[in-house]
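Chain residues, written in single-letter form:
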Amino acid sequence: MLTTSDKKLVNLLGFDRKGLKGYLASIEEAPYRAEQIMQWIHTKGFSDFAAMSNISKSLREKLCAIATIQLPEVIYNNQATDGTQKWLLKLKDGNCIESVFIPEKNRGTLCISSQVGCVLNCDFCSTGKQGFNRNLTTAEIISQLFIAERTLEKMANGVQRITNVVMMGMGEPLLNFDNLIPALNLMLDDFAYGLSKRRVTVSTAGVVPMIYRLREETDVALAVSLHAPHDQLRDELVPINKKYPLKLLMQACRAYFAQDPRRSITMEYVMLAGVNDTAKDARALIKLLEGIRVKVNLIPFNPFPHTIYKRSDDDTIARFRDILLNASLNTTVRRTRGDEIDAACGQLVGQVQDRTKRQVQHQAQIAKLANQSQHT
Ligand code: SAH
């Protein structure tokens, strides 16, 4: 006979409202309990069934025996002087992931990871160089929000709150679609985190078919990591472009908010010195984005060890921005935050047990380059 500890406990963090109702029905409990349980877990931050006082004792005991609310282990929680915070979380299988909180005057943004590592191998991204291990579960995605909320509640009398979530941590969220959707549902659900759909952003390197599916399943905000105004350069910087070139990507972007003309897509554009930052590039970008409702966010490149790229200087970035502004493109420059704790974009590396062998390839490439430079 199985004892309780032998049985596989179901982690309730993995269910959105519909999923939890289904689970409760499957254990012959009333589905309306779902809202109560969700509030205990996500709104109030309890991970202990015994404390859920408006739930019958018999259901609490039943849940204790067959279910769990299992969070990753917080390895550390660092805070930079500008208020940016980073968490390193250890998952059950030993993999580690990172999330980052960025406080601003009127909002607080949590940057969440969707995968351990990333398959896409964008040339300027440090996560990409780490290789890929696996998708995160829904529970692991939403745990990042749960844990950050709890930390912030305890700090400074809970003044600093999470108002925005961006899926811009490690991984490509649209390649983990089935686990992503219930996590997004929880972010938006008033019985969980109750965030506005305009304040939850999925960022993609351009997995075109999944942009259409995202639009069918939810209407969160969308950001696209564009980074280049033409296919030749984008093939190099964002290799998934070879599969889904700019023409297809721009079509998907046009369709995303077609029904809601008040909303626009954010185009992210990393500023790489001498690579994509000339006036000619800016003009090509204007042409590419013609007729699409977009905001452009210029991201100063964040360097990491052994990268061949350099950040464009401030004047170049300002000039690039002004060309776009003059063409009436709503353009902002992202302020670099959390540098001192390696919490900036593309610097989230967690600890990936790489199954793609990309780290090995990358090291070999670096060795080759070093060798070449010795001979020149
Ligand atoms: N895979 C998703 C989300 C993760 S990256 C995507 O590609 O959108 C989040 C953003 O940070 C992306 O726009 C990414 O291109 C950018 N980024 C990655 N590495 C960077 C670096 N070293 N400096 C600045 N931005 C970077």
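Below is a short write-up of the structure. Given the structure is predicted, the values throughout are model-derived calculations rather than measurements.

Basis of the calculations
Residues numbered from 1 in each chain as written. Predicted model: local features only at pLDDT ≥ 70, side-chain atom pairs only at ≥ 80, totals over all residues. Heavy atoms only, no water. Helix = DSSP H or I, 4+ residues; strand = E, 2+ residues; numbered from the N terminus. Buried < 20%, exposed > 50% of the residue type's maximum accessible area, 1.4 Å probe, protein only. Areas by Shrake-Rupley, 256 points an atom, 1.4 Å probe, with all protein chains shown as cover. Pairing = 2+ DSSP bridges. Axes fitted to C-alpha atoms, helices over the stretch in contact; angles between N-to-C directions. Contact = heavy atoms within 4.5 Å. Left-handed = near helix turned anticlockwise from the far one by under 90°. Nonpolar A, V, L, I, M, F, W, Y, C, P; charged D, E, K, R; others polar. Polar contact = N/O pair within 3.5 Å; in protein donor to acceptor, adjacent residues only side chain to side chain. Parallel < 35°, antiparallel > 145°, perpendicular 65-115°, else oblique. Near = heavy atom within 4 Å. Phe/Tyr/Trp six-rings, centres within 6.5 Å; stacked < 30°, edge-to-face > 60°. Lys NZ or Arg CZ within 6 Å of the ring centre and 35° of its normal. Core = buried A, V, L, I, M, F, W, Y, C linked by side-chain atoms within 4.5 Å. Domains from an automatic or database assignment.

1. Some thoughts on the overall build of the chain
Scanning the chain for helices and strands turns up 12 helices and 14 strands. Across the 376 residues of the chain, 52% fall into the buried class. Working note: accessible area of the chain is about 17,700 Å², and carbon and sulfur atoms make up 51% of it.

2. Here we look at the sheet that holds strand S5 (residues 96-103)
The 10 strands lie next to each other as S3-S4-S5-S6-S9-S10-S11-S12-S13-S14, forming an open sheet whose pairing is mixed. Of all strands in the sheet, those with a lone pairing partner are strand S3 (73-79) and strand S14 (330-333), marking the two edges. Shown here is a sheet whose adjacent strand axes are inclined to one another by a mean of 20°, direction ignored. Of the strand pairs in this sheet, strand S12 (residues 265-271) and strand S13 (residues 294-300) are connected by seven bridges, and their pairing is parallel. Bridged to Met 271 within S13 is Pro 300.

3. A few points about the environment of Ile 112
Looking at the element boundaries, Ile 112 is found in the loop between strand S6 (108-111) and strand S7 (115-117). Put simply, Ile 112 and Val 100 are 12 residues apart on the chain and 6.9 Å apart in space, counted from C-alpha to C-alpha. Sequence-distant contacts of Ile 112, that is, excluding residues within four places in its chain, are made with Ile 141, Gln 144, Leu 145, Val 165, Val 166, Met 167, Met 168, Gly 169 and Met 187.

4. A word on the packing of helix H5 (residues 138-154) against helix H6 (residues 177-188)
The geometry of H5 relative to H6 is characterised by a closest axis approach of 8 Å and an angle of 35° between their N-to-C directions. Judged by the sense of rotation from one axis to the other, the crossing of H5 with H6 is right-handed. Together, Thr 138, Ile 141, Ile 142 and Leu 145 of H5 and Asp 178, Asn 179, Leu 180, Pro 182, Ala 183, Leu 186 and Met 187 of H6 make up the contact between the two elements. The class makeup of the residues in the contact of H5 with H6 is eight nonpolar, two polar and one charged.

5. A few points about the side chain of Gln 115
One can find Gln 115 in strand S7. On the basis of relative accessible area, Gln 115 is assigned to the buried category, the value being 1%. A polar atom in the side chain of Gln 115 sits 2.8 Å from the side chain of Asn 135. Residues in contact with Gln 115, not counting those within four places in the same chain, are Ile 97, Phe 132, Arg 134, Asn 135, Leu 136, Met 170, Gly 171, Glu 172, Leu 175 and Asn 176.

6. So, the packing of helix H1 (residues 17-26) against helix H2 (residues 33-43)
The packing of two helices is summarised by the inter-axis angle and the distance between the axes. Close contact between H1 and H2 brings their axes to 9 Å; oriented N to C, the two are set at 120°. When the interaxial angle is binned, H1 and H2 end up oblique. Every pair of crossing elements has a handedness; the one defined by H1 and H2 is right-handed. Along its contact with H1, which presents Arg 17, Leu 20, Lys 21 and Leu 24, the element H2 presents Arg 33, Ala 34, Glu 35, Ile 37 and Met 38. Class assignment of the residues belonging to the contact of H1 with H2 gives a composition of five nonpolar, no polar and four charged.

7. Things to note about the site of the ligand
Near the ligand, the surroundings consist of 20 residues, among which Phe 124, Ser 203, Ser 225, His 227 and Asn 302 are the closest. One of the side-chain nitrogen or oxygen atoms of His 227 is found 2.6 Å away from an oxygen atom of the ligand. Bound to the protein, the ligand loses 96% of the 540 Å² it would expose on its own. At the level of elements, strand S10 (200-204), S12 and S13 are the ones that each hand at least two residues to the shell around the ligand. Residue composition of the shell around the ligand, grouped by class: 10 nonpolar, eight polar and two charged.

8. Topic: the pairing of S6
Burial of the side chains of S6 extends over both faces: Gly 108 and Leu 110 are buried on one face and Thr 109 and Cys 111 on the other. Adjacent in sequence and paired antiparallel, S5 and S6 are bridged by four residues. As defined by bridge partners, S6 adjoins strand S9 (residues 164-167) across three bridges and the pair is classed as parallel. In the strand pairing of S9, Leu 110 is matched with Val 165.

9. Some points on the packing of aromatic side chains
Under the criterion given, the structure shown has six aromatic pairs. With centroids separated by 4.7 Å and ring planes inclined at 70°, the aromatic side chains of Tyr 256 and Phe 257 adopt a geometry described as edge-to-face. Neither residue differs from the other here; Tyr 256 and Phe 257 are each classed as buried. Connected via pairs of aromatic rings, a cluster forms that spans Phe 301, Phe 304 and Tyr 309. In this structure, Lys 44 is placed above the aromatic ring of Trp 40, and the distance from its NZ or CZ to the ring centre is 3.9 Å. Residue placement shows Arg 150 over the ring face of Phe 146; its charged tip is 4.6 Å from the ring centre.

10. Remarks on the nonpolar core
Ranked by internal contacts, the top residues of the largest apolar core, which has 101 residues, are Phe 124, Leu 184, Met 187 and Leu 214. With eight residues, the top contributor of residues to this core is H5. Taken domain by domain, this core gets at least three of its residues from each of domain 1 (6-68) and domain 2 (73-374). With residues up to four places along the chain from it excluded, the contact list for Met 187 reads Ile 112, Ile 141, Ile 142, Leu 145, Val 165, Met 167, Tyr 193, Gly 194, Leu 195 and Val 200.

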